Structures are given as structure tokens and as C-alpha cells.
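Survey of secondary and tertiary structure
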Amino acid sequence: MSEIGFKYSILASGSSGNSFYLETPKKKILVDAGLSGKKITSLLSEINRKPEDLDAILITHEHSDHIHGVGVLARKYGMDLYANEKTWQAMENSKYLGKVNSSQKHIFEMGKTKTFGDIDIESFGVSHDAVAPQFYRFMKDDKSFVMLTDTGYVSDRMAGIVENADGYLIESNHDVEILRAGSYAWRLKQRILSDFGHLSNEDGAEAMIRAMGNRTKKIYLGHLSKENNIKELAHMTMVNQLAQADLGVGVDFKVYDTSPDTATPLTEI
Ligand SMILES: [Zn+2]
Ligand SMILES: [Zn+2]
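Residues numbered from 1 in each chain as written. Chains lettered and ligands numbered in written order. Predicted model: local features only at pLDDT ≥ 70, side-chain atom pairs only at ≥ 80, totals over all residues. Heavy atoms only, no water.

**Considerations on the coordination of the zinc ion (ligand 2)**
For the zinc ion (ligand 2), every protein donor is listed as D65 (OD), H66 (NE2), D150 (OD) and H223 (NE2), and the spread of their distances is 2.1 to 2.2 Å. Its four donor atoms give the zinc ion (ligand 2) angles of 90 to 167 degrees at the centre, a pattern that matches the irregular case. A spacing of 3.3 Å is found between the zinc ion (ligand 2) and the zinc ion (ligand 1), which share D150 as a donor. Note that D150 is positioned in the loop between strand 10 (143–148) and helix 5 (156–161) and H223 in the loop between strand 12 (218–222) and helix 9 (231–244), a separation of 73 residues in sequence. Each member of the pair D150 and H223 is classed as buried. (Donors = N, O, S within 2.8 Å, 3.2 Å for Na, K, Ca; no water. Tetrahedral: all angles 85-135°; square planar, octahedral: opposite > 155°, others 65-115°. Helix = DSSP H or I, 4+ residues; strand = E, 2+ residues; numbered from the N terminus. Buried < 20%, exposed > 50% of the residue type's maximum accessible area, 1.4 Å probe, protein only.)

Structure (C-alpha cells):
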């Protein structure tokens, strides 16, 4: 009997570093490695996995909270790396990647679907202050999971692409009031609040109301800011807004937290 679906763990999510693990019977893949190689290795060990077993790392964009450990892991373990052309250029000009063997570098263009063994992965562009940021929808045997963080807003086009997935990792970056009142410089506040910044707790909830459907069972809140958010507030905002929209929160689907430094349990979709 062949296994249906796939397994995943959000190894870490937050402004201090992001990494997502995905596994099928044929492939073991990371999306982003925005923490040190050592930390990624210890996060993988929390779910009894090893970096040497990874087939590939998919990269969303060149910000350090997404690529910090990519170069170290690639040099040590030799897995394939995928990013779009512009992101490759930006990474090669940044201090984080270091030298990577050209045979490990692969292109995954925005708006394309690629097959990795037994899973299809679709990339889609987001609105964020990186050269060509893209996130992913994973699809196997009628099951799908969407990652959507690091975007200033969710366009109708994006909402359509990510429609009715079984699970979501959705951005809940900041509480607008905490951000406004906080100590960040005005320019940085403007950047986060802009269309090229990050989704607030309310924005994330609104995006889910537009995108989720009758298949949706799990919503994970991701990329929380340490400075400008509170886990309980992000959770409450999502739950309350979904309930107000008459969606069966806690019944038809559940809302889960993620952590900046602890992996979520390896879960079958
Ligand atoms: Zn970013
Ligand atoms: Zn980020």
C-alpha cells in the first residue's frame, strides 16, 4: 500500500529565523534554513531526522532569517539548492551564503510547478522587500499545504493560488498597535506596515478567511515578531476573526502556534 499525503514540521518560525521540513516516502526537503547550521541540525533531531538525509533546500528569498544556514548545510551535506534566478543573484552578493558548488545550484522560477520525486511543488510570488520573493504550495495525492509568510498583503491572485489547502502556515507578524507604540525607528515601522512588509495578525486572519475552504483542517501562525507581537494575542486575533466570519474554528479546523526555537511535531497531512 502506498502512503498517502506527506509529513511536515515547522522547525522554526519567526523574525529570528525560519525553516520548514517536508517529507514524502521519496524525498526529504527543507524550505529555508534561516538559522545556524547547528541549530537546524538540532531542530531536525527533535523530529528524529538528520541533515545528511535532506535531498534539497528550497529558498523563498534572500533575507538572512531565511538563508542564514543554507551555505553551511550545503557545504557539509551536499544537498541540492533551489531558488529563482534573481534570488540566486541576490544570495551570491550577500555575505550569508558563502561558496557553494555550482552543481548544487538549481533554478525554481516563480509561478512554476516542479515535481520532486512523488510531490508537486508550486511557487508563487509575494509582495515583500526582497528581489523576487516566492512561497510554495505542496501537493500530493489530493492533499496540499501552503506556506505564506513575508508578504505585505495578499492579492486576489495569491489568494486564488493558495485556495482550500488542507493546511496553512500563515504569517501573523505583528500587532499593529504594539508596532506603532514600540521602539522601532519610524522608517522600519513604515517598512513593516507597507505593502512590501509583513502581514499583521488581522491581515493574516483576513487572508485565511479568503483562502481557506472545506478541506482546511490546520492553520499554523508563523513569522511572529519578537518585539511587536504576543503569541496569545496573535492566536486570539485569528480565532476571533474566523469565528466572527462564521467559520468552524476548533470544530472543522484548528489553529496552532509555532515557535522560533522548537519544532512542531512531525505531522501527516
Ligand atoms: Zn523577508
Ligand atoms: Zn522573514
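**Quick word on the layout of surface pockets**
In this structure, the largest pocket occupies an estimated 200 Å³ of space. Along the walls of the largest pocket sit 16 residues, with S15, R191, I192, H198 and H223 positioned nearest its centre. At three residues, the largest contribution of residues to the lining of the largest pocket is made by helix 7 (residues 186–193). Class assignment for the residues of the lining of the largest pocket results in four nonpolar, nine polar and three charged. By volume, the second largest pocket amounts to about 150 Å³. As for the second largest pocket, its lining consists of 13 residues, of which S13, L224, S225, K226 and P260 are closest to the centre. (1 Å grid on protein atoms, 1.4 Å probe; cavity = no way out; pocket = protein on both sides within 12 Å on 5 of 7 lines; lining within 4 Å. Points joined across faces, edges and corners; volume = space filled by probe spheres on them. Nonpolar A, V, L, I, M, F, W, Y, C, P; charged D, E, K, R; others polar.)

**Observations concerning the packing of aromatic side chains**
The full count for this structure, using the stated rule, is ten aromatic pairs. Taking 6.2 Å as the distance between ring centres and 50 degrees as the angle between the ring planes, the aromatic pair formed by F145 and Y220 counts as tilted. With F145 in strand 10 and Y220 in strand 12, this residue pair connects regions lying 75 residues apart in the sequence. An identical accessibility class is assigned to F145 and Y220; each is buried. Consider the rings of Y220 and Y256, whose centres lie 5.0 Å apart with planes at 20 degrees: the pair is stacked. Here the residue Y220 occupies a position in strand 12, and Y256 occupies one in strand 13 (residues 254–257), the gap between them amounting to 36 residues. Through a chain of ring-to-ring contacts, the aromatic side chains of Y8, F20, F138, F145, Y220 and Y256 assemble into a single cluster. (Phe/Tyr/Trp six-rings, centres within 6.5 Å; stacked < 30°, edge-to-face > 60°.)

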